[in-house]
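Here are the chains, one letter per residue:
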Amino acid sequence: MSVIPTILVFDSGLGGLTVLREVVRARQDANYVYVADDAFFPYGQHSEDAIIGRVVPLIGELIDRHAPDLVVIACNTASTLVLAHLRAAYRVPFVGTVPAIKPACARSVSKQVSVLGTRGTVQREYTKALIRDFAKDCAVTLVGSAHLASLAEASLGGDPVADELIRAEIAPCFIAASEAGPRTDTVVLACTHYPLLRQRLIALAPWPVEWIDPAPAIARRVANLLNGVAGCAPQASAAMIMTSGRQPPPARILLPFFGERLVAPHSNQRLPQAGLHC
Ligand code: DGL
C-alpha cells in the first residue's frame, strides 16, 4: 500500500458526501477521490440489472484511473446489489454501505424499528436477509422513498424544500402504539443522502426517534482496513468527479465534507469511456 493511501468514495450523487465526511475525520492523511455518478442518478429508480451493468464496469475504470488503496461504495442502493460482483472482479478492498438493521434493533427499546431507504434498497433480498438474521424480536417496517434522495440534493444545493414534501416521505416510518405493540423509536437511514436532511428529519418527525446513520461505523471499518496511523498530511489531495461532466457543487458546500480541504479544480473531468451515458 502507498504511504499516503488513496480512498475512492462512490455514490450515485451527493449522498456519499455524508460518508466521506466521517472517513476524512478518521483518515485525514489520505488522498480522496469522490465520484458522483450523477449521469445515472437516482439509482433507486433503476432495475437491479441496470445498476449492476452500470456500476461494475464504471468502478473498474475508476480503479484503473485512480489506483485507489480502498473503495467505499457509499450507496445502499448499489451496495446491497454489487458488492459481491465488485469483490469477484477487482482485488482492491471494498467497504459497502448497507442498512444498519443490526445496531438499530439492538438499540431499540420499543422493538418497533423502521428502515427508510430507496425503493430499490428496501426491495433487495440483501435487506430482507439482514432482517431475517438480525432483527431478532423487533418488528421492522420497510419504507421505500421515491423522492427523498432528490429532495436532499436540492436542499444541499440551497433550493427550498417544503416541509410537506419531507413529511410525506417519512410518515410511513412512524408506527403508532397499538394493541400490537409500542410506537416506533428507531429509524435506520438506509440511504446516504438522508443524513443531509438530518435536522429537517428531526424537526418534522411526529415524535422523537433515534435516527441511525451508519457513516461513523463505515469510517471505523475503513480505518481498520487501512491500518497505519491517521496523521496530518498537508500534501494529501482531494478531487471530485461528476460522471455527467457537470461542475461539482461550489467549494463552500464541499469544504465541510472534505475536512475543509480544497477540492482539485480538475475534478469535474468527464469520464471518457463510451457506453456509460456520461
Ligand atoms: N445514496 C444512495 C443510497 O444510499 C441512493 C440515492 C439514489 O436513489 O441514487 O442508497
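Within each chain, residues carry numbers counting from 1 in the order of the written sequence. For a predicted model such as this one, the threshold for reporting local features is a pLDDT of at least 70, and the threshold for listing and counting side-chain atom pairs is 80 or more; totals across whole chains, interfaces and linings nevertheless cover every residue. Side-chain numbers come from the whole structure's heavy atoms, not from hydrogens or water.

By the naming in an unreviewed UniProt entry, the protein chain goes by Glutamate racemase and is assigned to Rhodopseudomonas faecalis. UniProt positions are given in the numbering used here, feature names are shortened, and annotations may be inferred rather than shown by experiment. Its UniProt record, at the heading Catalytic activity (unreviewed entry), says of the protein chain: "L-glutamate = D-glutamate".

Novice: What is the right way to look at the overall build of the protein chain in this model?
Specialist: Helix and strand assignments come from DSSP, with helices taken as H or I runs of at least 4 residues and strands as E runs of at least 2, each series counted from the N terminus. Along its length, the protein chain carries 11 helices and 9 strands. Values of the radius of gyration come from C-alpha atoms, whereas the globule rule sets the reference at 2.2 Å times the count of residues to the power 0.38. For 278 residues, the compact-globule formula gives about 19 Å, and the C-alpha radius of gyration of the protein chain, at 18 Å, lands near that figure. The C-alpha extent of the protein chain, read off along each of the three principal axes, is 60 × 40 × 40 Å. Expressed as a percentage of its 278 residues, the buried residues of the protein chain come to 55%. The buried label goes to any residue with under 20% of its type's maximum accessible area, the exposed label to any with over 50%, and the partly exposed label to all in between, with areas taken from a 1.4 Å probe on protein chains only.

Novice: Hey, could you run me through the sheet that holds strand β7 (residues 186-189) in this one?
Specialist: Strand pairing in a sheet relies on backbone hydrogen bonds. The paired strands run either parallel or antiparallel. If DSSP finds at least two bridges between two strands, the strands pair. Here 4 strands make up an open sheet; going across it, the order is β6-β5-β7-β8 and the pairing parallel. Of all strands in the sheet, those bounded by a partner on one side alone are β6 (139-145) and β8 (210-212). Between one strand and the next, the sheet's axes are offset by a mean angle of 25 degrees, whatever the strand orientation. Under this scheme, a helix contributes an axis fitted over its contacting stretch, all axes are lines through C-alpha atoms, and angles between N-to-C directions fall in the 0 to 180 degree range.

Novice: Even after reading the chapter, I still don't get the UniProt feature "active site" (unreviewed entry) in the protein chain, so can you show me in this structure?
Specialist: Per the UniProt annotation, the sites labelled "active site" (unreviewed entry) are C75 and C191. Taking the farthest pair of C-alpha atoms as the criterion, the annotated set spanning 117 residues converges on one region, since that pair is 6.5 Å apart. Following the sequence through the fold, C75 ends up in the loop between β3 (70-73) and α3 (76-89). When checking whether two residues touch, look at their non-hydrogen atoms; a contact exists if any pair is within 4.5 Å. Residue contacts for C75: discarding those within four places in its chain leaves F10, D11, S12, Y43, T97 and T192. Summarising the element assignment, C191 is placed in the loop between β7 and α9 (198-204).

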